[in-house]
Amino acid sequence: MALFEKKFTVRKDGVIMVKQFFLALMSLAVLSACDVNTKMSMDDTVTTHFARLTQLEQPAPMAAKQAHFSTYHGRDLSDDYFWLKDQGYPQVDDQQVIDYLTEENSYYKSFLDPNSGLVDTLFNEFKGRTDETEASVPFIKNGYQYRWHYRAGEEYPTYTRQSFQNNKEQIILDVTALAKGHDYFVLGDWRVSPDDNLLAYTFDTEGDERYQLRIIDLEKGEYLEDQLQDVEGSLEFSADGQAIVYARLEDERWHAKNINVHRLGEVQSEDRTIYHEKDDGYFLGFGLTSDDKYLLLVSSQGEVQETYAIPSSDIYAQPLKLVDRTAGFTLTVDHAHNHFYILANDTHKNFRFVKVPDEQPGYSNWQTIEQGSDDIYLMGLQTFDNFIVIKARNLGVDSIRIRSYSGDQHKVVFPEAIATLYIGQNTQFDQSFVRLGYQSMVTPSTTFDYDLKTKVLVERKVQKVPSGYDKHGYVTERIMAPARDGVLVPVSLVYKKEFKRDGKSPMLLYGYGAYGITISPTFSTMRLSLLDRGFVYAIAHVRGGAMLGYQWYLDGKLDKRTNTFHDFVDVAKFLAAEKYTSAGNISISGRSAGGELMGAAVIQAPELWRSVNLGVPFVDVLNTMLDESLPLTPPEWEEWGNPLESVDAFDLLKSYSPYDNIIARDYPPMFVSGGLNDPRVTYWEPAKWTAKMRSTKTDNNLLVMRINMGAGHFSNSGRYGRLKDYAEEYAFTLLAHGIKD
């Protein structure tokens with residue numbers, strides 16, 4: 001079903017953080033030097049751009065047409081492929097549906113088999129850049145040092161802890177062993193009890209994101225009898241270690257309506273609900289504050305959030321309300337020294353910084369520490385015993401600030417002025433340093449510990465690239481591309497140093513543009529396989545994300561949604577006009593809401609694209625928003641509009657819904673993917689798109705669909721399984737540009 005990206009994140013270090021991703025205008029260039037020969041010629045032209053990937057000799061599947069009609073607001077809606085939605089969903093056992101998906105996978109295999117050499121080459125390149133024995137930077141909690149590491153050749157990590165008393169290292173979670181016998185396995189969340197004796201974890205073996213929860217006695221190495229089903233994924237222990245807090249998924253719905261407490265030794269049916277959400281349009285979340293004093297409960301819908309706090313020492317206490325949903329804004333909350341510290345966008349869209357006494361946390365008692373700013377976008381915070389860390393962006397530049405409780409503050413100085421920065425995993429409230437993350441499109445991911453006394457960054461880990469990497473051989477820059485309404489859209493680019501702006505280079509252009517989520521310009525080892533073959537890689541930071549602040553997000557949702565699609569197409573045209581590439585030599589890629597963007601872009605300007613990768617694409621927008629029986633539809637009305645209640649919303653969605661706007665004309669080659677168990681973008685969206693596109697388009701260009709019959713929104717699990725998926729997708733892109741090795 002429609003994609004859902006949570007508006008809050010419950011981090012493993014215990015802070016509920018609202019997802020704010022924003023970046024303002026800034027030009028940047030980071031360059032280096034290395035002379036590496038590319039593997040392709042640069043003589044492709046627009047006149048040959050569809051000649052590379054044409055229909056296979058094996059006949060493509062043609063899904064049957066079965067007329068289906070409906071009427072809303074006096075508007076007729078027809079859908080010949082409505083039948084591809086199994087009416088017994090979420091159970092999918094309609095044989096006609098299964099047969100069609102199987103045929104599509106067989107057709108995809110007929111494309112894959114003769115190109116397995118290129119796929120293997122790419123996979124080996126990806127794997128060669130993967131640190132097979134990668135290990136995390138350890139963190140300390142309650143007298144133990146925790147870390148994870150990979151054993152060579154294994155898909156999953158092993159988690160260990162080392163006691164400071166006896167210095168012995170103990171394996172607490174062997175994920176490779178847990179995944180044995182499962183085609184799909186994802187570890188959700190894990191926590192160690194306050195007394196250090198128990199470990200609880202959640203896991204998903206279907207890809208449907210309905211997690212199970214198990215508990216291990218770490219002293220005995222044995223499982224407790226407690227087994228919880230239909231868990232949302234996150235968990236917390238109570239302060240006494242005798243209970244677990246979790247969100248219970250509804251039987252027929254993907255998201256939770258209850259936050260429950262499970263007492264150890266009892267059956268799940270006896271679990272007590274401490275918060276119930278009556279409105280189907282709201283999502284639930286929870287997490288401990290950094291000082292472990294409070295459990296925060298969050299109910300959110302779009303731009304609206306309601307937040308409660310419960311003393312962790314009394315998990316059944318009446319929740320304290322920090323803000324009611326009727327106030328109509330969103331926030332990030334933490335706690336220290338008898339106060340809640342909050343980032344809220346109530347008085348300014350870019351958020352203000354406030355505090356409030358925990359004994360009287362009502363909205364009327366909030367005290368402003370820092371007013372909101374047009375230039376400075378406050379993105380996140382974490383409290384510590386002696387200081388507060390705040391992440392922000394100022395005119396496009398990420399910053400990390402350290403602020404004392406008395407008001408003194410300073411910025412952390414990083415090696416590069418322009419970089420993607422993160423507040424890292426900080427598990428000790430009284431620690432004297434703060435762990436931070438740092439990377440750019442040419443700089444591998446780096447972990448620092450910032451020492452508050454010396455104000456020095458201590459390097460703890462740099463992402464290894466075993467096959468070799470020299471950042472001086474690549475260049476990254478930020479440019480601004482004019483959209484059709486005159487707004488300037490940021491674009492992040494990276495390419496080899498010897499790149500020439502002569503319009504001959506192939507390009508992969510990536511986009512997302514929804515929920516205020518920004519695709520940050522970060523480092524990717526897989527991307528090197530494109531750059532080393534002469535590609536320019538670009539990210540279009542279109543409206544709907546929050547690259548230029550919260551208003552940037554608002555300008556790409558609801559009745560302004562088409563700005564997102566126009567921005568993406570206009571960025572591509574600008575990049576061609578500026579000779580970074582040329583029209584028809586641009587491959588594009590996006591997943592989920594980004595898949596919707598790909599569908600809209602290919603409908604609007606098919607002549608621009610060499611190939612299109614639609615990953616788990618939300619392309620059947622109108623039909624999905626009309627189906628309130630789907631668990632994620634009611635919450636999504638705040639993002640897309642409610643076509644059941646509003647004729648204007650119906651007309652707007654129909655005007656841009658990619659599936660509804662397929663017409664008879666030529667389209668570029670397309671790679672479509674989906675997962676049978678995907679609860680976010682249901683399998684029939686990519687299936688219906690593929691069926692209708694194949695029966696309608698007038699060209700002979702290749703259209704393939706890969707449906708994972710045992711996974712969901714995130715496709716294969718395991719680090720090498722996912723690399724294999726990406727190798728197949730990259731191979732499709734390279735072949736579209738005539739590159740076979």
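Owing to the predicted nature of the structure, the values given are computational and were not obtained by experimental measurement.

J.: What exactly am I supposed to notice about the sheet that holds strand β29 (residues 409–411) here?
T.: Within a beta sheet, neighbouring strands are joined by backbone hydrogen bonds and run either parallel or antiparallel to one another. The strand order across the open sheet built from four strands is β26-β27-β28-β29, with neighbouring strands paired in antiparallel fashion. The open sheet terminates on both sides in strands that have one partner only, identified here as β26 (376–383) and β29. Neighbour-to-neighbour, the strand axes of this sheet turn through a mean angle of 25°, independent of strand direction. Strand direction decides the pairing type here: strand β28 (residues 397–403) and β29, joined by three bridges, are antiparallel. Note on β29: the bridge partner recorded for arginine 401 is lysine 411.

J.: Quick question: what am I supposed to make of the environment of glutamate 596 here?
T.: Mapped onto the secondary structure, glutamate 596 falls in helix α7 (residues 593–604). In this structure glutamate 596 comes out as buried when scored by relative accessible area, which is 0%. Once the C-alpha coordinates of glutamate 596 and aspartate 620 are considered, the two residues, 24 residues apart in sequence, prove to be 8.4 Å apart. Those residues in contact with glutamate 596, other than ones at most four positions away along the chain, are Arg561, Phe565, Pro617, Phe618, Val619, Val621, Trp640, Tyr656 and Pro658.

J.: Please clarify how the sheet that holds strand β6 (residues 139–141) should be interpreted in this entry.
T.: The sheet built from four strands is open, its strands ordered β6-β7-β8-β9 with antiparallel pairing. Sheet topology places β6 and β9 (169–174) at the edges, where each strand pairs with a single neighbour. Averaged over all neighbouring strand pairs, the angle between strand axes comes to 30°, with direction disregarded. Two strands pair when backbone bridges link them, and β6 and strand β7 (residues 144–149) are joined in this way by three bridges, in the antiparallel orientation.

J.: Could you clarify how one ought to interpret the pairing of strand β31 (residues 433–439) in this entry?
T.: Each regular strand carries side chains that alternate between the two faces of the sheet. Most of β31 sits out of view: six of its seven residues are buried. Bridge analysis of strand β30 (residues 420–423) against β31 gives four bridges, and the strand direction is antiparallel. Looking at the pairing, threonine 420 lines up with glutamine 439 of β31. Examined bridge by bridge, β31 and strand β32 (residues 446–451) share six bridges and lie antiparallel to one another. Residue pairing for β32: glycine 437 is matched across the bridge by threonine 447. Counting the residues in the hairpin turn of β31 and β32 gives six residues.

J.: Help me understand the packing of aromatic side chains in this model?
T.: Inspection of every chain in the model, using the stated rule, returns 40 aromatic pairs. An aromatic cluster of three or more residues is present, and its members are Phe139, Tyr144, Tyr146, Tyr159 and Trp190.

What counts, and where the lines are drawn
As a convention, each chain's residues are numbered from 1 in the sequence order in which they are written. Only residues with pLDDT of at least 70 are given local features in this predicted model, and only at 80 or more are side-chain atom pairs given and counted; all residues enter the totals for whole chains, interfaces and linings. Side-chain descriptors were evaluated using all non-hydrogen atoms of the structure, hydrogens and water having been removed beforehand. Here, strands pair whenever DSSP counts at least two bridges between them. In DSSP terms, a helix is any run of H or I states spanning at least four residues, a strand is any run of E spanning at least two, and both are numbered starting from the N terminus. Think of each axis as a best-fit line through the C-alpha atoms, taken over the contacting stretch in the case of a helix, with angles from 0 to 180 degrees between the N-to-C directions. Summary of the burial criterion: residues with accessible area below 20% of their type's maximum are buried, those above 50% are exposed, and those between are partly exposed, where the area comes from a 1.4 Å probe applied to protein chains only. By definition in these notes, contact holds between two residues if any of their heavy atoms fall within 4.5 Å. Any two rings among Phe, Tyr and Trp, with Trp reduced to its six-membered ring, count as a pair given centres within 6.5 Å; such a pair is stacked if its planes are under 30 degrees apart, edge-to-face if over 60, and tilted if neither.

Scope: geometric values only; no functional claims are made or implied.
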